[in-house]
Amino acid sequence: MNSARSPILVVDDDVEIREMLRLALSEEGYGVLCASDGAAALSLLDSEHPGLILLDMRMPVMDGWAFARAYAARPGPHAPIVVITAAVDAGRWAREIGASAAIAKPFDLNRLIEAVAAHMH
């Protein structure tokens, strides 16, 4: 694959999940950016243009819903969003924010990597 492709932005307040995703996606050849909440993610977007956003919904400071609204209000183009959340409502929450897909935690890493490949810009 093209090494110049856009990075993936992982937005999750769980440091262990961020690190595990960073390592796994890096091994697949992706560049990875990480943010601990929606506000930090929006700050990153001032200078970075990810090809995909992996978004947790329940986070302190700015949750996934607020991030998705703020992101949608920014000038495009917009990266696809894949919701990663522990909630049984992952699919419904993904539809609420117009996400491309949802993956429930705990997730199978291979399934997540397949979803990344399917939805990456």
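Refer to the structure presented above.
Visitor: In this structure, what is going on with the layout of surface pockets? I would like to understand it.
Guide: By rolling a water-sized probe across the atoms, one finds the places where empty space is left. Its volume calculated, the largest pocket comes out at about 210 Å³. When the residues that make up the lining of the largest pocket are grouped by side-chain class, the tally is 6 nonpolar, 5 polar and 2 charged.

Visitor: I would appreciate a short explanation of the sheet that holds strand 4 (residues 81-85) in the present structure.
Guide: For sheets, the rule is that strands pair by backbone hydrogen bonds, running either parallel or antiparallel. On the basis of which strands lie adjacent, the open sheet formed by 5 strands has the order 2-1-3-4-5 and parallel pairing. Two strands bound the open sheet, and with one partner strand each, they are strand 2 (32-35) and strand 5 (101-104). Between one strand axis and the next, the sheet turns by 20 degrees as a mean value, whatever way the strands run. Of the pairings in the sheet, the one linking strand 1 (residues 8-11) to strand 2 comprises 4 bridges and is parallel in character. When the bridges of strand 2 are listed, Val10 appears paired with Cys34.

Visitor: So what exactly am I meant to see when it comes to the packing of aromatic side chains here?
Guide: Centre distance and the angle of the planes are the two values used to describe a pair of aromatic rings. A complete count under the given rule lists 2 aromatic pairs for this structure. Relative to Trp93, the ring of Trp65 has its centre 4.8 Å away and its plane inclined at 70 degrees; by these criteria the two rings are edge-to-face. Separated by 28 residues along the polypeptide, Trp65 in helix 3 (residues 64-73) and Trp93 in helix 4 (residues 90-96) bring together distant segments of the chain. Look at Phe67 and Tyr71: their rings are 5.6 Å apart centre to centre, the planes differ by 10 degrees, and that puts the pair in the stacked class. Here the residue Phe67 and the residue Tyr71 both occupy positions in helix 3, the gap between them amounting to 4 residues, near one helical turn. On the accessibility criterion, Tyr71 (8% relative accessible area) is buried.

Visitor: It is not clear to me how the pattern of salt bridges should be interpreted in this structure. Could you clarify?
Guide: When their charged atoms lie close together, side chains carrying opposite charge are able to pair. Tallied over the entire structure, the rule returns 5 salt bridges. A salt bridge links Asp46 to Arg74; its shortest N-O distance comes to 2.8 Å. Of the two residues, Asp46 is situated in the loop between helix 2 (38-44) and strand 3 (52-55) and Arg74 in the loop between helix 3 and strand 4; the sequence distance between them amounts to 28 residues. Since its relative accessible area comes to 60%, Asp46 is described here as exposed. Where Glu96 meets Arg92, a salt bridge forms, and the shortest distance between an N and an O atom there is 2.8 Å. Residue Glu96 and its partner Arg92 are both found in helix 4; the two are separated by 4 residues, about one turn of the helix. A residue is classified by how much of its surface remains accessible, and Arg92, at 39% relative accessible area, is partly exposed.

What counts and what doesn't
- Residues numbered from 1 in each chain as written.
- Predicted model: local features only at pLDDT ≥ 70, side-chain atom pairs only at ≥ 80, totals over all residues.
- Heavy atoms only, no water.
- 1 Å grid on protein atoms, 1.4 Å probe; cavity = no way out; pocket = protein on both sides within 12 Å on 5 of 7 lines; lining within 4 Å.
- Points joined across faces, edges and corners; volume = space filled by probe spheres on them.
- Nonpolar A, V, L, I, M, F, W, Y, C, P; charged D, E, K, R; others polar.
- Pairing = 2+ DSSP bridges.
- Helix = DSSP H or I, 4+ residues; strand = E, 2+ residues; numbered from the N terminus.
- Axes fitted to C-alpha atoms, helices over the stretch in contact; angles between N-to-C directions.
- Phe/Tyr/Trp six-rings, centres within 6.5 Å; stacked < 30°, edge-to-face > 60°.
- Buried < 20%, exposed > 50% of the residue type's maximum accessible area, 1.4 Å probe, protein only.
- Salt bridge = Lys/Arg side-chain N within 4 Å of Asp/Glu carboxyl O.

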